Amino acid sequence: MATASALELKNIYAAYDSADVLEDVSLSVPAGKITCLLGSNGAGKSTIIRSILGLTPPRSGDILVDGESLIGLPTHKVISAGIACIPEGRKVFPKMTVVENLRLGAFQESSESVIRDRIDQVFEIFPRLKERKGQLAGTMSGGEQAMVSIGRGLMAAPKVLLIDEPSLGLSPLFVKENFNIIRRINEQGITVFLVEQNVHQTLAIAHYGYVLSQGHVVAQGTAKELSENAEVHEAYFG
Ligand SMILES: Nc1ncnc2c1ncn2[C@@H]1O[C@H](COP(=O)(O)OP(=O)(O)OP(=O)(O)O)[C@@H](O)[C@H]1O
Ligand SMILES: [Mg+2]
């Protein structure tokens with residue numbers, strides 16, 4: 001039996017004003033797995049994330065979480081439905097401490113004990129954040145800010161974690177560390193939808209993947225199939 005989809009996009013079209021960006025995008029993110037979306041600059045990867053979040057609502061098509069449609073929902077309802085996002089560029093709140101940033105990720109949770117448990121879980125994954133819990137996020141290194149933004153995403157205890165280009169602008173050492181962290185988070189049962197341009201390292205941790213080019217899905221398959229697909233490499237990654 002096929003694994004159930006935690007998140008599914010069906011025939012999505014999206015545009016900014018007059019510019020069509022996504023054309024007939026369909027993809028499925030199975031529960032418990034890492035699914036990646038590869039594609040070069042401007043392919044429409046972040047637009048897919050924006051569509052899921054309701055920030056750039058699709059003109060047509062459907063987006064389902066555990067079989068329930070997200071179409072027409074405002075972003076906070078999309079988040080209540082179980083979607084969390086680690087945005088491109090990480091976007092920590094610079095004048096807030098590490099713990100204050102983490103707490104924002106759990107803004108829909110009212111139980112203080114649940115919030116504290118989640119903070120402890122984040123500190124288990126990132127001991128570095130525990131050491132620096134009172135530090136202003138804006139004064140931390142890029143790698144540390146990446147930990148804050150991943151931790152903030154986890155604080156929502158999401159059904160699906162969307163991650164937009166986590167390795168962008170990080171040093172090679174931290175890029176490697178970041179991919180290891182995403183793998184560990186997934187091993188704890190979190191479903192991940194990972195948007196990346198870093199083909200080799202992404203396919204090394206992903207189970208399944210899609211390749212987007214100019215707003216179209218041009219290839220899909222298991223990570224192994226995509227890494228062996230020479231045509232895909234030549235055409236879309238140089
Ligand atoms: N707010 C906007 N208004 C108009 N056009 C936009 C807007 N945001 C993105 N676009 C255009 O939509 C297309 C897809 O952009 P998108 O940000 O989704 O690409 P991407 O795959 O995430 O690229 P990158 O890897 O550079 O982040 C691009 O041509 C871009 O110029
Ligand atoms: Mg992008």
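Everything below is about the structure printed above this text.
Note that the structure is predicted; figures quoted are calculated from it, not measured.

*Asks:* Honestly, the sheet that holds strand β7 (residues 160-164) in this entry has me stumped. Any pointers?
*Replies:* Across a sheet, paired strands are connected by hydrogen bonds in the backbone, their directions being either parallel or antiparallel. The 6 strands are arranged β6-β7-β8-β3-β9-β10 in an open sheet whose pairing can be described as mixed. Either end of the sheet is taken by a strand with one partner, and the two such strands are β6 (83-86) and β10 (216-222). With strand direction ignored, the average angle separating the axes of adjacent strands in the sheet is 20°. Where strand β3 (residues 34-38) lies against strand β8 (residues 191-196), 5 bridges are found, and the strand directions are parallel. By the bridge assignment for β8, Cys 36 is matched with Leu 194.

*Asks:* Please clarify how unusual backbone geometry should be interpreted in this entry.
*Replies:* The phi torsion of most residues other than glycine is negative, and most of the peptide bonds are trans. In this structure, Ala 157 takes a positive phi of about 45° despite not being glycine. Checked against the element boundaries, Ala 157 lands in the loop between α6 (142-154) and β7. The exposure class assigned to Ala 157 is partly exposed, which follows from its relative accessible area of 45%. Positive phi values are uncommon outside glycine, yet Gln 214 reaches one of about 45°. Of note, Gln 214 is situated in the loop between β9 (208-213) and β10.

*Asks:* Before we go on, may I ask you to explain the nonpolar core in this structure?
*Replies:* Within soluble globular proteins, side chains that are nonpolar generally end up buried alongside one another. Of all hydrophobic cores here, the largest spans 45 residues; its most connected members are Phe 126, Leu 129, Leu 154 and Leu 194. In contact with Leu 129, not counting residues within four places along its chain, are Val 98, Val 122, Phe 123, Met 140, Glu 144, Met 147 and Val 148. Counting residues in hydrophobic clusters, the runner-up holds 27 residues, among them Val 21, Leu 27, Ile 63 and Leu 70.

*Asks:* For this particular structure, what's the right way to read the coordination of the magnesium ion (ligand 2)?
*Replies:* For a metal bound by four donors in tetrahedral geometry, the ideal donor-metal-donor angle is 109.5 degrees, whereas six donors in octahedral geometry ideally sit at 90 or 180 degrees. Looking at the magnesium ion (ligand 2), one finds its protein donor set to be Ser 46 (OG) and Glu 88 (OE), positioned 2.0 to 2.2 Å from the metal centre. Here Ser 46, found in helix α1 (residues 45-53), pairs with Glu 88, found in the loop between β6 and α3 (98-105); they are 42 residues apart in sequence, far enough to count as distant.

*Asks:* Is there a simple way to think about the site of ligand 1 in this case?
*Replies:* Around ligand 1, a shell composed of 13 residues is seen, among which Gly 42, Lys 45, Thr 47, Glu 88 and Glu 165 lie nearest. For ligand 1, an oxygen atom lies 3.2 Å from a polar atom in the backbone of Ala 43. Taking Ser 46, its main chain carries an N or O atom lying 2.8 Å from an oxygen atom of ligand 1. Its free accessible area being 640 Å², ligand 1 has 59% of it covered by the protein chains. At 3 residues, α1 tops the list of elements feeding residues into the shell around ligand 1. Of the residues that constitute the shell around ligand 1, the class distribution is 3 nonpolar, 7 polar and 3 charged.

About the thresholds
Residues numbered from 1 in each chain as written. Chains lettered and ligands numbered in written order. Predicted model: local features only at pLDDT ≥ 70, side-chain atom pairs only at ≥ 80, totals over all residues. Heavy atoms only, no water. Pairing = 2+ DSSP bridges. Helix = DSSP H or I, 4+ residues; strand = E, 2+ residues; numbered from the N terminus. Axes fitted to C-alpha atoms, helices over the stretch in contact; angles between N-to-C directions. Buried < 20%, exposed > 50% of the residue type's maximum accessible area, 1.4 Å probe, protein only. Core = buried A, V, L, I, M, F, W, Y, C linked by side-chain atoms within 4.5 Å. Contact = heavy atoms within 4.5 Å. Donors = N, O, S within 2.8 Å, 3.2 Å for Na, K, Ca; no water. Near = heavy atom within 4 Å. Polar contact = N/O pair within 3.5 Å; in protein donor to acceptor, adjacent residues only side chain to side chain. Areas by Shrake-Rupley, 256 points an atom, 1.4 Å probe, with all protein chains shown as cover. Nonpolar A, V, L, I, M, F, W, Y, C, P; charged D, E, K, R; others polar.

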